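Commentary on secondary and tertiary structure
Listed below are the residues making up each chain.
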Amino acid sequence: LERVAPVCCGPPAVTTLLVLASRDYPLVGHDFSYFIPRLVDTDLYLRINGLVIQWYTPSFGGGLPAFPNPQHLQYSLLQALLYVTGPWTAVLLATAMVCALGYAACYRFLSRTPGFARRPSALAGVFFTGHGFHICPLVVGHAALRCYPLRAVPPHGPAHAPRPSAATPPRA
């Protein structure tokens, strides 16, 4: 049971988040009404013009600046997935990828660096990936906070950087 804890906890947690995000489909969160039309507009722009920056879009209200807007998602995982799927499928796939990566990074970090056992590390990964600060913006449709589970990735990198041993002289 100890060996399968990461597999038993991770996928059900990600699936639960996807079910929560789409529980009222097609009546999804209000911020999706802002982001999905802009994603479709950017998708159309990229299909016509290629991978160039969309500085301005004439599609909304007679025209709006596009790239200077901090909520513009032209170069994002969500936009890349929209190129090959539909808008809602892209939202769910991006959410699943980010949640799975955040769970795996949290599990790996806690099981290796402090040396926790597998079950507590898996449970902490579920808690980190599916807590309220992530679920509420996920359901509402805040695209900017969708990457919150990736906050577990940076601590993992420096924690496993090679450290010089005591026998190694310092470099000059």
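The structure this text deals with has already been given above.
The numbering scheme is per chain: residues are counted from 1 as the chain's sequence reads. The predicted origin of the model limits local features to residues at a pLDDT of at least 70 and limits the giving and counting of side-chain atom pairs to 80 or more, whereas totals for whole chains, interfaces and linings rest on all residues. To get the side-chain values, take all heavy atoms of the structure and skip hydrogens and water.

Digging into the pattern of salt bridges
Salt bridge, as used here, is a side-chain nitrogen of Lys or Arg placed within 4 Å of a carboxyl oxygen of Asp or Glu. Evaluation of the coordinates by the stated rule reveals one salt bridge. Residues Asp43 and Arg47 are paired through a salt bridge, measuring 3.0 Å at the closest nitrogen-oxygen approach. In this pair, Asp43 and Arg47 are both assigned in helix α2 (residues 32-49), four residues apart and thus about one turn of the helix distant. We call a residue buried when its accessible area falls under 20% of the maximum for its residue type, exposed when it is over 50%, and partly exposed in between, using a 1.4 Å probe and counting protein chains only. With relative accessibility at 11%, the residue Asp43 sits in the buried group. Helix and strand definitions follow DSSP, with helices as H or I runs of at least four residues and strands as E runs of at least two, each counted in order from the N terminus.

Describing the environment of Val14
Mapped onto the fold, Val14 is located in helix α1 (residues 5-21). With 83 residues separating them along the chain, Val14 and Met97 place their C-alpha atoms 8.9 Å apart. Ignoring anything within four residues of it in the chain, the contact list for Val14 reads Ala96, Cys99 and Ala100. Should any heavy atoms of two residues lie within 4.5 Å, those residues are counted as being in contact.

Considering the nonpolar core
By nonpolar core we mean a set of buried residues, namely Ala, Val, Leu, Ile, Met, Phe, Trp, Tyr and Cys, connected to one another through side-chain atoms within 4.5 Å. Ranked by size, the top nonpolar core spans 13 residues in total, and within it Phe32, Leu39, Leu73, Leu78, Trp88, Ala90 and Val91 carry the most contacts. Counting only elements with at least two residues in this core, the list comes to α2, α3 (77-82) and α4 (87-112). With residues near it in sequence (within four places) discarded, Val91 still touches Phe32, Leu78 and Arg146. Counting residues in hydrophobic clusters, the runner-up holds six residues, among them Val14, Leu17, Ala21 and Cys99.

Digging into the packing of aromatic side chains
The rule is short: rings of Phe, Tyr and Trp, with Trp giving its six-membered ring, pair when the centres are within 6.5 Å, and they are stacked under 30 degrees, edge-to-face over 60, tilted in between. Scanning the entire structure with this criterion turns up four aromatic pairs. Between Trp55 and Phe67, the aromatic rings sit 5.2 Å apart at their centres with planes inclined by 75°, giving edge-to-face as the arrangement. A residue pair is termed long-range when its members are at least 10 positions apart, and Trp55 in the loop between α2 and β1 (56-57) and Phe67 in the loop between β2 (64-65) and α3 qualify at twelve residues. The exposure class assigned to Trp55 is exposed, which follows from its relative accessible area of 53%. In this structure Phe67 comes out as partly exposed when scored by relative accessible area, which is 33%.

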